[in-house]
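Letter by letter, the chains look like this.
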Amino acid sequence: MSQPKTIIEKIWDQHIVHEEEGKPNLLYIDLHLIHEVTSPQAFEGLRMKGRKVRRPERTYATMDHNVPTLHRNVIKDAVSKKQMETLKENCEEFGIRLADIHHPDQGIVHVIGPELGLTQPGKTIVCGDSHTSTHGAFGALAFGIGTSEVEHVLATQSLWQAKPKTLEVKVEGKLGTGVTAKDLILAIIGKFGVRFGTGHVIEYTGEAVRNLTMEERMTVCNMSIEAGARAGLISPDETTVEYLRGKRYVPEGEAFEETAAEWMSLASDPGATYDQTLTIHANEIEPQVTWGTNPSHCVPVGGKVPDPQVMSEEDDRDGVERAIEYMGLEANQDIESIPVEHVFIGSCTNSRLSDLKKAAEIVRGAKVHEGVRAIVVPGSQTVKKQAEAEGLDTIFLTAGFEWRDAGCSMCLAMNDDIVPPGERCASTSNRNFEGRQGNGARTHLVSPEMAAAAALEGRFVDVRKYASTVGG
Amino acid sequence: MEPLRKHTGLVFPLNRSNVDTDQIIPKQFLKRIERQGFGQFLFFNWRFHDDGTPREDFSLNDSKYDEASVLVGGENFGCGSSREHAPWAIQDYGFKVVIAPSFADIFYNNCFKNGILPIELPKSVTDQMIKEAEDHQYELTVDLENQVVRDDSREVSFDIQSYHKEMLLNGWDEIAVTLTYQEKIDQFEQKTS
Ligand code: SF4
């Protein structure tokens, strides 16, 4: 029998176009997703050299990063408008499918790929966006690339890539009630730091990972890049297959069953070994809140802001001091004492239907706290429509939330959805970097449930005190 | 792309770890559709007050670093988004070499595509370089051919993949190189479709 292999090695080996001693492999790319911000210079590069797009049908474009989420018929920002128009012209010129701002399929690139069934197990998927790791939830090898590489993939449908090391993150046991996939990935990064994945592709395994829904798996894989990893993925299983059944771009009928069997065979073999394995126990994880300026700066909601005085150089004492200062907090301050002025439920981490449903459960019948601005930005127009069909918009609007159109929005504040300097936001996104949500803005990363609860109370609270989360 | 073989330049020290791409170039400047002109926005929020005046507490604004072309930073340099605008800004500002104890993967790769040489050196060495450059005008010579970095008193060698090295030494257009494998890509597609 052949050597047991991980899914990472299986996908890699299946995609090698060319290999040569002392060189990276030339890897075939199955699916290339593009958006308005990281593609214009790539198309310009093609034009300058008179090159074509090799496989336009393997390329799919949308507009998400800078689109307004309100009043979409008039785009006021001339530079954003130009960027969107440029994408449209480029897609027309090179024959690429585009879900533009008025298209019913429009949405955050990492939300619509899975939704349309473009994302499938075993595929190599790239996009000029670091959170491409999201698609790894399906057992695809998906990673972010720069604009030069976007141009390279457009021209050649391939990329030179050094074979990554493999890293297993094993999550044993079960997550507690009210503890979400977001808390899981934050706790992993909190425990192992923002660099543990560098040079590696992570495979998440273990009981708690198997029990996650597809949408929850996407939340986990999404933040692999926040651990420094090139990609993060989860071996396909029945959950994966059932999610994909009936999606627009997957085969139908008998062909689907055959394809599904192939997908299942990609799962890591029993006994396969990794370059490294890390273990974490799910039952020890509590709802998390970040207090600082990178995602490893997180603690359980019942915890406190750390005290740099008791830290060593090794623990990045200077970095922690700077972060506390930037965030306008005090050492040893209770997390539950931190007031919030903005709440953002959205982003490719947490803007899918199940995220909005769980947040709505908390919000139902309550009111947003005085002085808090809370917005919900569905990940795609499809999610928006589904949510409206279930009446979620009414729940949010009645409570005093704003209900927007799909886009990246306040995750990176390239459009008008900005947190003003010095103000604080409970956000379901993935990055709490300085200035991420606006110059001087202070971001606290949390799950959708925790964000919803913060909106109602005007400060962070342990969502587990809400009866409706019990059992869910 | 311009080849890069040997470079001598003044060091700008940036003693911070986890410098992310949002810091290197904030998103409000990502809307341009050109590759050039991003240098003016490099480290924008650290360099300028809200009203656009330079901040005195950020040393890049210190005239002694005006001519700097080698950036020495901390661990995990360039983490965060995949935006190539980050290396574009670094290069456009005038940096040719970035030295750090560790880099984020995508940023590291993006550097090579733009003729910037990223060099990983042990933290003890970069700490020393940062200290020197904070104290006085400090120059480094980087010799890619021989894979060494040297100052007046010593020399350290560094690792680099031969593929990356050749790309910079020759200033290759990577797409042109790949297109010489077109037949293999055709074969791959025939085999798998
Ligand atoms: S939602 Fe945020 S993290 Fe996700 S693709 Fe958009 S900007 Fe990037």
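Residues numbered from 1 in each chain as written. Chains lettered and ligands numbered in written order. Predicted model: local features only at pLDDT ≥ 70, side-chain atom pairs only at ≥ 80, totals over all residues. Heavy atoms only, no water.

Caption draft 1: Expanded view of the packing of aromatic side chains. Applying the stated criterion across every chain, the model contains 26 aromatic pairs over all chains. Their ring planes at 40° and their centres at 5.8 Å tell us that W160 of chain A and Y163 of chain B sit as a pair that is tilted. Of this pair, W160 of chain A sits in strand β8 (residues 158-161) while Y163 of chain B sits in helix α6 (residues 162-170), each in a different chain. A single burial state applies to W160 of chain A and to Y163 of chain B, both of which are buried. When the ring of F77 of chain B is compared with that of F103 of chain B, the centres are 6.2 Å apart and the planes differ by 75°; the resulting orientation is edge-to-face. (Phe/Tyr/Trp six-rings, centres within 6.5 Å; stacked < 30°, edge-to-face > 60°. Helix = DSSP H or I, 4+ residues; strand = E, 2+ residues; numbered from the N terminus. Buried < 20%, exposed > 50% of the residue type's maximum accessible area, 1.4 Å probe, protein only.)

Caption draft 2: Quick look at the sheet that holds β8 of chain A. All names here are of chain A. As summarised here, the arrangement of the three strands in space is β1-β2-β8, forming an open sheet in which the pairing is antiparallel. The two strands at the open ends of the sheet, each matched to only one other strand, are β1 (16-18) and β8. Adjacent strand axes in the sheet meet at a mean angle of 40°, parallel and antiparallel pairs treated alike. Of the strand pairs in this sheet, β1 and strand β2 (residues 25-28) are connected by two bridges, and their pairing is antiparallel. Pairing of H18 across the sheet is with L26, part of β2. (Pairing = 2+ DSSP bridges. Axes fitted to C-alpha atoms, helices over the stretch in contact; angles between N-to-C directions.)

Caption draft 3: How the structure looks around the sheet that holds strand β17 (residues 402-403) of chain A. All names here are of chain A. Taken in spatial order, the five strands of this open sheet run β17-β16-β15-β18-β19, and their pairing is parallel. Unpaired on one side and paired on the other, β17 and β19 (442-445) mark the two borders of the sheet. Here strand β18 (residues 424-427) pairs with β19 via four bridges, running parallel. What sits directly across from R424, in β19, is R442.

Caption draft 4: Spotlight on the nonpolar core. Counting 118 residues, the largest nonpolar core has V343, F396 and F401 of chain A together with F43, F77, I99 and L117 of chain B as the members making the most contacts within it. Per-element tally for this core: the top contributor is helix α15 (residues 448-457) of chain A, with seven residues. Sequence-distant contacts of I99 of chain B, defined by excluding residues within four places in its chain, comprise V70, L71, V72, G73, I119, L121, T126, M129, L140 and V149 of chain B. Counting 41 residues, the second-largest nonpolar core is a separate cluster that includes I185, V220, L244 and W263 of chain A. (Core = buried A, V, L, I, M, F, W, Y, C linked by side-chain atoms within 4.5 Å. Contact = heavy atoms within 4.5 Å.)

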